[in-house]
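In case you want the letters, here they are:
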Amino acid sequence: MNIKRREFLATCGLATLATQIPTLTAQGKPSLNTIRKPPRLQAGDTVGLIAPASIVDAKDIEAAQKSISQLGLKVKLGKHILDRYGYLAGKDSDRAHDVNLMFSDRTIKAIIPMRGGWGCNRILPLLNYSLIRSHPKIIIGYSDITTLLLAINARSQMITFHGPVATSTWNQFTVDYFKRILFNAEAVTMQNLNPNEVRMEIIAPGKARGKLVGGNLSVLSAMVGSPYLPSWNKSILFVEEIGEDVYRIDRMLTQLKTAGILNQIAGFIFGQCTKCNLGDEPSFTLMQVLQQHILPLGIPAWYGSMIGHIKDKFTLPIGVEVEINAELGTIRMLESAVSLV
């Protein structure tokens, strides 16, 4: 039977994937060969709020709108932001539609998910990565939003940002890094505000340069084996976690090791492991587990950076070249993460 190609793809459920295949140059090479930087934010710009993962309440939206407006930004809500579908903020197709629509909407200059939780992994095949690359704009978040940040960075070849979600605490520390990187287009050096309040432990001293990549450890490990992860070659890997026993951290790092990821990286940062416990006795400590996995790699590494489920957060540009210093606990951007136009 003679079936048109478009109908065949739709029949197989591959229509969305067809839009994600890079076009070829005259030499037959993929055209997605350069990373795109989204335009910087300016006062008066409109930010899109979406719920790509777990359910949000109207009161959360009200509080988020207030926080975002205090940054000098306007707010536009996603069509399905208050939807409910089991424990998800709407059906997969609707949540994906809000992501795609926000990127195509020329009035929107940045996209801030309301919260994480769970659900972003389910919508990855439904995102239009070619559309996203054609309309580069800031997308920022953490926790389950890690999925979107890594997939868009990998498939759309665009800088994404690990930082606050709309319901985060927008305090002075968080806002300062957010504005310097996303408004002022600065190449900043990130360092803990008060080392005495945030425990920092050197795993291995030294400096390293590479592309900054990472996010929530459990979300990242759940993506291993999928086509939505960026290259790890000579990258600086950062991770964070919440509410996991040490043996689970061990299990997830082991997965990254056996998948061949850890032996490719040039540096390692474990931000914060918030509310992580030893679990059943006997147990290794978290630092013992980190040393077991990271020390054999012979790369600079430390634990204790302002990354994760904490009030004070860095804004980390995924895909930007950085230099880290494990003894000082610094992440120095070697270029701006946003464009000036």
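Residues numbered from 1 in each chain as written. Predicted model: local features only at pLDDT ≥ 70, side-chain atom pairs only at ≥ 80, totals over all residues. Heavy atoms only, no water.

Chemist: Give a detailed account of the state of the cysteines, specifying residues and quantitative values.
Modeler: Under the defined criterion, the tally for this structure stands at 1 disulfide. Note that Cys273 is cross-linked by a disulfide to Cys276, the S-S spacing being 2.1 Å. For the disulfide bridge between Cys273 and Cys276, the dihedral angle about the S-S bond is near -80 degrees, and by the sign convention the bridge is left-handed. For Cys273, a relative accessible area of 10% corresponds to the buried category. (Disulfide = S-S within 2.5 Å. Buried < 20%, exposed > 50% of the residue type's maximum accessible area, 1.4 Å probe, protein only.)

Chemist: Explain unusual backbone geometry to me, and be specific about the residues and the numbers.
Modeler: Despite not being glycine, Ser143 has its phi angle at roughly 60 degrees, a positive value. Residue classification places Ser143 among the buried residues on the basis of a relative accessible area of 14%. Phi angles above zero are rare outside glycine, and Lys275 is one such case at about 55 degrees. For Lys275, a relative accessible area of 67% translates into the label exposed.

Chemist: Tell me about the pairing of strand β14 (residues 330–333), residues and numbers included.
Modeler: When a strand is regular, its side chains alternate between the sheet's two faces. Pairing of strand β6 (residues 189–190) with β14, which is carried by 2 bridges, proceeds in the antiparallel orientation. Bridge pairing in β14 places Thr189 opposite Arg332. Pairing of strand β13 (residues 321–325) with β14 involves 4 bridges; the strand directions are antiparallel. In the sheet register, Asn325 faces β14, and the bridge partner there is Thr330. The hairpin turn running from β13 into β14, its antiparallel successor, is 4 residues long, and Gly329 in that turn takes a positive phi close to 70 degrees. (Pairing = 2+ DSSP bridges. Helix = DSSP H or I, 4+ residues; strand = E, 2+ residues; numbered from the N terminus.)

Chemist: Tell me about helix α4 (residues 92–104), residues and numbers included.
Modeler: Helix length check: α4 (13 residues) gives 18 Å between terminal C-alpha atoms against 18 Å at 1.5 Å per residue, within 8%. Listing the buried residues of α4 in full gives Asp92, Arg95, Ala96, Asp98, Val99, Asn100, Met102 and Phe103. (Expected span 1.5 Å × (residues − 1).)

Chemist: Let's hear about the environment of Ile294: which residues, and what values?
Modeler: As for its position among the elements, Ile294 is in helix α11 (residues 286–294). On a C-alpha basis, the gap between Ile294 and Phe268 in space is 7.8 Å, while along the polypeptide they are 26 residues apart. Among residues more than four places away in sequence, those in contact with Ile294 are Ile203, Phe268, Ile299 and Ala301. (Contact = heavy atoms within 4.5 Å.)

Chemist: Could you give me a rundown of the pattern of salt bridges, with the residues and numbers involved?
Modeler: Enumeration over the complete set of coordinates arrives at 11 salt bridges. With its nearest N and O atoms 2.2 Å apart, the salt bridge here joins Arg95 to Asp92. One end of the pair is Arg95 and the other is Asp92, both in helix α4 and 3 residues apart, which spans about a single turn. Among the ionic pairs, Arg180 bridges to Glu186, the shortest N-O distance being 3.1 Å. Look at Arg180 and you get partly exposed, because its relative accessible area is 26%. Taking the relative accessible area as the measure of exposure, Glu186 reaches 27% and is therefore partly exposed. (Salt bridge = Lys/Arg side-chain N within 4 Å of Asp/Glu carboxyl O.)

Chemist: Describe empty space enclosed by the protein, with residues and values.
Modeler: With a probe scaled to a water molecule rolled over the atoms, the places where space remains empty come into view. For the structure on display, the rule yields 1 cavity of 30 Å³ or more. If you add up the space inside the largest cavity, you get close to 30 Å³. The wall of the largest cavity is formed by Tyr142, His162, Gly163, Met306, Ile307, Gly308, Lys313 and Phe314. Of the residues contributing to the lining of the largest cavity, the split by class is 4 nonpolar, 3 polar and 1 charged. (1 Å grid on protein atoms, 1.4 Å probe; cavity = no way out; pocket = protein on both sides within 12 Å on 5 of 7 lines; lining within 4 Å. Points joined across faces, edges and corners; volume = space filled by probe spheres on them. Nonpolar A, V, L, I, M, F, W, Y, C, P; charged D, E, K, R; others polar.)

Chemist: Can you explain the packing of aromatic side chains? Please cite residues and give values.
Modeler: Tallying each qualifying case throughout the model produces 7 aromatic pairs. On the numbers, 6.1 Å between centres and 35 degrees between planes, the contact of Tyr129 with Tyr228 is tilted. Remark: Tyr228 occurs in the loop between α9 (217–223) and β9 (236–242) and Tyr129 occurs in helix α6 (residues 129–134); sequence separation between them is 99 residues. Accessibility assignment for this pair places Tyr129 and Tyr228 in one class, buried. Taking 5.6 Å as the distance between ring centres and 40 degrees as the angle between the ring planes, the aromatic pair formed by Phe270 and Tyr303 counts as tilted. Taken together, the positions of Phe270 in strand β10 (residues 267–274) and Tyr303 in strand β11 (residues 301–303) put the pair 33 residues apart, joining distant regions of the chain. On the accessibility criterion, Phe270 (0% relative accessible area) is buried. What links up through ring pairs into an aromatic cluster is the set Trp170, Phe178 and Phe183. Above the face of the Tyr129 ring, Arg155 is positioned so that its terminal group lies 5.4 Å from the ring centre. Between Lys179 and the ring centre of Phe183, over which it is positioned, the NZ or CZ distance is 5.9 Å. (Phe/Tyr/Trp six-rings, centres within 6.5 Å; stacked < 30°, edge-to-face > 60°. Lys NZ or Arg CZ within 6 Å of the ring centre and 35° of its normal.)

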